[in-house]
Amino acid sequence: MVLGFFVAFLFGKLPAQEGTVSERDLLAQGRLLDAQREMLLGHPDKAGEILAELARKDPSNPGIAYAYAEYLARQEDLPGALREIRRAKKLDPSQKWYAITEAGYLEKAGAWAEAAEVGKDLVNRFPYEEDHYLQWAYYLIKDGRPGEAIAVYDRLESTLGPTSDLSRKKYMLHRGMGQTREAADVLEQVLRRQPRNTEVMYMLAELYAEAGATAQAREWYQRILDLHPGESEAQLALVRLGDPSQGDEDPLAGLARIFGDPQADLDQKIKAIIPYIQEFARDGDSLTGDRLDDLAGRLQVAHPGEAKVASIMGDLAFYRGRLDSAIVHYQAATRSERQVYAVWEQLLTACSEARQYARQKEWAAKALDLFPNQARILFFLAEAQIETRQPSEALESIQMGRLMARRDGYLLYHLALLEGRARSALRQPDQADLAFDQALSLNPRGPEAIAWKALSQRDPERACRLAGEAEAIDARMPLVVHARAWCSLLQSTPKGSIALLQDLVKRPWPHPVWIELMGDACALAGDIPQALEWWQRVHADGYGSPLLDKKIAARKYME
């Protein structure tokens, strides 16, 4: 309790004559205790009245002014608190606590320039107290004056001597201001005092690398290797920068030399390979993919059973379109004792891409147990439930997902699409339309929403109009092509459907709906043997239905 502290503070310092305390001081002490009691009883207004009365009756007592200031600050009256603490400081300039308290009030008010002035005064009065320098510098930084803060750190260093913490603060400020040379000077000064400090050498090397001073960066990485020849982070950094000692060797070849070394740090290897995997994901160069596969294989040999390696191999397989392999690697990575959400999301994404919906549903349920606050898992779960003909269960997952997604517009858009699909499966066309309209309110030109809305229609004219709108936005999107093919079927032009579906069914992971639709189109075109082949393929892939059974048995298209 502030007042309790202050009673001891004030009356422990009152001047006494021959061991006595004046009656006036005793009365003030009693009233302060009354104020403290009122605060404890939850009567701040009564406590304030007592303190205001004391301040009026004894305006020359700095201690009472301080107590009143603290009370006003607790009541969020910062102007009043500043008025009283400045009065206390004026009455007793020797008491540094008043100045410290004033600076605290100014900080709370965001008055950084005024707080910096108080900090400066404290440093001038108490030049051997480190905290005052650090507080002054902090206020200067908050006031947008980092250069002046550095000068304060320099002054502290010249007064009390250099420290690692001070050097780090100065380095960060110089770096934030884009002053590479000055930041490097700070680090080099540290190294003159601590010539074997590899942490600082790394900071210096990275600083030079970011500034494009490759030769200086290489020099410092090499110094690290001179001290610690097996330091994999420095080795990998030299590979990235292009080590002249290796001639014209390209970076991936340089990585290969290090990746096979089981003693080299795995985290540093992964840090080195990730940018190349990201580049491959964008460009898709097959030769680069082969070389990255080789690097991943070396990692697997050097670090067998590591979940991080399995995740890297899963990423490479995913970006190369080898979804079955990606799923195997991601599943291996999920067996790690340390569960990582990103790996589970990649596993579920690979299942979705590969149309392995039964496994997707199973693993989404497991992921939800591990990461109950990740709304995207509910998207994967709902999608798998729709695809495995559980639309009612999907609606429950979608509702939960919405509650967790909050303001994630991207996720809310896709959850609305899933709701529309689930409503369509439940033969609730009006509610399906509302869900697709909700999706379009989040993304008015979303081709997926328009295409799914087209697929939910039974009016050929409206369906075809919507499919045309989606086609105008993205004619190559598989879902849009699917909607156009279905509309051709509604318009009794099966050959048009067949032409549109040919490319879709040749894809590595064609949706079973596309294959069944191709069978429908062939049947309507009169090619029953070909229709049966397509329908039976859907059965073979595990996506049969009573309606499909009727088509096969009757050897004709049925709605």
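Participant: Sorry if this is basic, but what is going on with the overall build of the chain here?
Facilitator: When you go through the chain residue by residue, the secondary structure sums to 32 helices and zero strands. The globule rule puts the C-alpha radius of gyration for 559 residues at 24 Å, and the 36 Å found for the chain is more than 25% above it. Seen through its C-alpha atoms, the chain measures out along the principal axes to roughly 120 × 70 × 40 Å. Buried positions account for 47% of the 559 residues belonging to the chain.

Participant: Help me understand the side chain of Ser 311 in this model?
Facilitator: By the element assignment, Ser 311 lies in helix α18 (residues 307-319). Ser 311 gets classed as buried once you look at its relative accessible area, which sits at 15%.

Participant: Whenever I open this one, the layout of surface pockets confuses me. Can you help?
Facilitator: Rolled over the atoms, a probe with the dimensions of a water molecule shows which regions are left empty. In this model, the second largest pocket occupies a volume close to 220 Å³. Lining the second largest pocket are Glu 306, Ala 307, Lys 308, Ser 311, Ala 333, Thr 334, Ser 336, Arg 338, Gln 339, Val 340, Ala 342 and Val 343. Elements supplying a minimum of two residues to the lining of the second largest pocket: α18, α19 (323-334) and α20 (341-353). The element best represented in the lining of the second largest pocket is α18, accounting for three residues. Of the residues belonging to the lining of the second largest pocket, the class tally is five nonpolar, four polar and three charged.

Participant: Would you mind going over the packing of aromatic side chains with me for this structure?
Facilitator: As enumerated under the stated definition, the model contains ten aromatic pairs in all. Between Trp 112 and Tyr 138, the ring centres sit 5.9 Å apart and the planes meet at 90°, which makes this aromatic pair edge-to-face. In this pair, Trp 112 sits in helix α7 (residues 112-125) while Tyr 138 sits in helix α8 (residues 130-142), placing the two residues 26 residues apart along the sequence. Accessibility expressed as a relative area gives 34% for Tyr 138, which makes it partly exposed. Judged by centre distance (5.8 Å) and plane angle (55°), the rings of Tyr 138 and Tyr 139 are tilted. The aromatic ring of Trp 220 is capped on one face by Arg 223, whose charged end is 4.0 Å from the ring centroid. The ring of Trp 514 is capped by Arg 355, whose NZ or CZ atom sits 5.1 Å from the centre of that ring.

Participant: Whenever I open this one, α7 confuses me. Can you help?
Facilitator: An α-helical turn contains 3.6 residues, so a residue and the one three or four places further along point in the same direction. A rise of 1.5 Å per residue sets the reference length of α7, with its 14 residues, at 20 Å; its end C-alpha atoms lie 20 Å apart and thus fit the reference within 8%. Turning to α7, its buried residues number three or more, namely Trp 112, Ala 115, Ala 116, Val 118, Gly 119, Leu 122 and Val 123. All buried residues of α7 lie within an arc of 160° about the axis, which places them on one face of the element. At its buried positions, α7 is contacted by α6 (96-109), α8 and α9 (146-160).

Participant: Would you take a moment to explain the confidence of the model for the chain for this structure?
Facilitator: Atom-level detail of predicted coordinates should not be read off regions where pLDDT is low. Here the chain averages 89 in pLDDT, and 93% of its residues register 70 or above. The secondary-structure element of the chain with the lowest mean pLDDT is helix α1 (residues 2-11), recorded at 46, while helix α22 (residues 375-387) shows the highest, at 97. Overall, residues 4-21 carries pLDDT values under 50, and its contacts beyond four positions in sequence, including any with other chains, amount to 23 contacts.

Participant: Just to check I follow, could you spell out α18 for this structure?
Facilitator: Its 13 residues give α18 an end-to-end C-alpha distance of 18 Å, which sits within 8% of 18 Å, the value for a rise of 1.5 Å per residue. With eleven of 13 residues buried, α18 is to be regarded as a mostly interior element. For α18, every residue scored as buried is listed here: Ala 307, Val 309, Ala 310, Ser 311, Ile 312, Met 313, Gly 314, Asp 315, Leu 316, Ala 317 and Phe 318. Each element contacted by the buried residues of α18 is listed here: α16 (266-283), α17 (286-302), α19 and α20. The positive-phi residue at the C-terminal boundary of α18 is Gly 321, with phi of around 80°.

Participant: Can you help me understand the pattern of salt bridges in this one?
Facilitator: Pairing between side chains of opposite charge can happen when the charged atoms of each approach one another. Counted by the stated rule, this structure contains 35 salt bridges. In this structure, Asp 293 engages Arg 322 in a salt bridge whose closest nitrogen and oxygen atoms are separated by 3.1 Å. Placement of Asp 293 in helix α17 and of Arg 322 in the loop between α18 and α19 is noted, with a sequence separation of 29 residues between them. For Asp 293, a relative accessible area of 25% gives the class partly exposed. Linking Arg 423 and Glu 419 is a salt bridge whose minimum nitrogen-to-oxygen distance equals 3.3 Å. Of the two residues, Arg 423 and Glu 419 both sit in helix α24 (residues 409-425), four residues apart, roughly one turn of that helix.

Participant: Whenever I open this one, unusual backbone geometry confuses me. Can you help?
Facilitator: Generally, phi is negative for residues other than glycine and the peptide bonds are trans, each holding for most cases. Here Arg 355, not a glycine, exhibits a phi torsion of approximately 60°, which is positive. Secondary-structure assignment places Arg 355 in the loop between α20 and α21 (357-370). With phi around 60°, Ser 492 is a residue other than glycine that occupies positive phi space. Here Ser 492 shows up in the loop between α28 (478-490) and α29 (494-505).

Participant: Looking at this model, I keep getting lost on the packing of helix α26 (residues 447-455) against α28. Mind explaining?
Facilitator: The description of two helices packed together rests on the angle between their axes and the distance between the axes. Here α26 crosses α28 at 25°, and the two axes come no closer than 9 Å. With respect to their mutual orientation, α26 and α28 come out roughly parallel. For α26 against α28, the interelement crossing comes out left-handed. On α28, the residues that touch Pro 447, Glu 448, Ala 451, Trp 452, Ala 454 and Leu 455 of α26 are Leu 479, Val 480, His 482, Ala 483 and Trp 486.

Participant: Teacher, can you tell me more about the nonpolar core here?
Facilitator: In summary, soluble globular proteins display a tendency toward joint burial of nonpolar side chains. Leu 51, Tyr 68, Tyr 71 and Tyr 105 are the most contacted members of the largest nonpolar core, which totals 48 residues. The element that contributes the greatest number of residues to this core is helix α4 (residues 62-74), accounting for nine residues. Judged by nonpolar contacts, the second largest core, of 47 residues, contains Ala 463, Cys 464, Leu 479 and Ala 531.

Parameters at a glance
- Residues numbered from 1 in each chain as written.
- Predicted model: local features only at pLDDT ≥ 70, side-chain atom pairs only at ≥ 80, totals over all residues.
- Heavy atoms only, no water.
- Helix = DSSP H or I, 4+ residues; strand = E, 2+ residues; numbered from the N terminus.
- Rg over C-alpha atoms; globule rule 2.2 N^0.38 Å.
- Buried < 20%, exposed > 50% of the residue type's maximum accessible area, 1.4 Å probe, protein only.
- 1 Å grid on protein atoms, 1.4 Å probe; cavity = no way out; pocket = protein on both sides within 12 Å on 5 of 7 lines; lining within 4 Å.
- Points joined across faces, edges and corners; volume = space filled by probe spheres on them.
- Nonpolar A, V, L, I, M, F, W, Y, C, P; charged D, E, K, R; others polar.
- Phe/Tyr/Trp six-rings, centres within 6.5 Å; stacked < 30°, edge-to-face > 60°.
- Lys NZ or Arg CZ within 6 Å of the ring centre and 35° of its normal.
- Expected span 1.5 Å × (residues − 1).
- Arc of directions from axis to C-beta.
- Contact = heavy atoms within 4.5 Å.
- pLDDT = per-residue confidence, 0-100.
- Salt bridge = Lys/Arg side-chain N within 4 Å of Asp/Glu carboxyl O.
- Axes fitted to C-alpha atoms, helices over the stretch in contact; angles between N-to-C directions.
- Parallel < 35°, antiparallel > 145°, perpendicular 65-115°, else oblique.
- Left-handed = near helix turned anticlockwise from the far one by under 90°.
- Core = buried A, V, L, I, M, F, W, Y, C linked by side-chain atoms within 4.5 Å.

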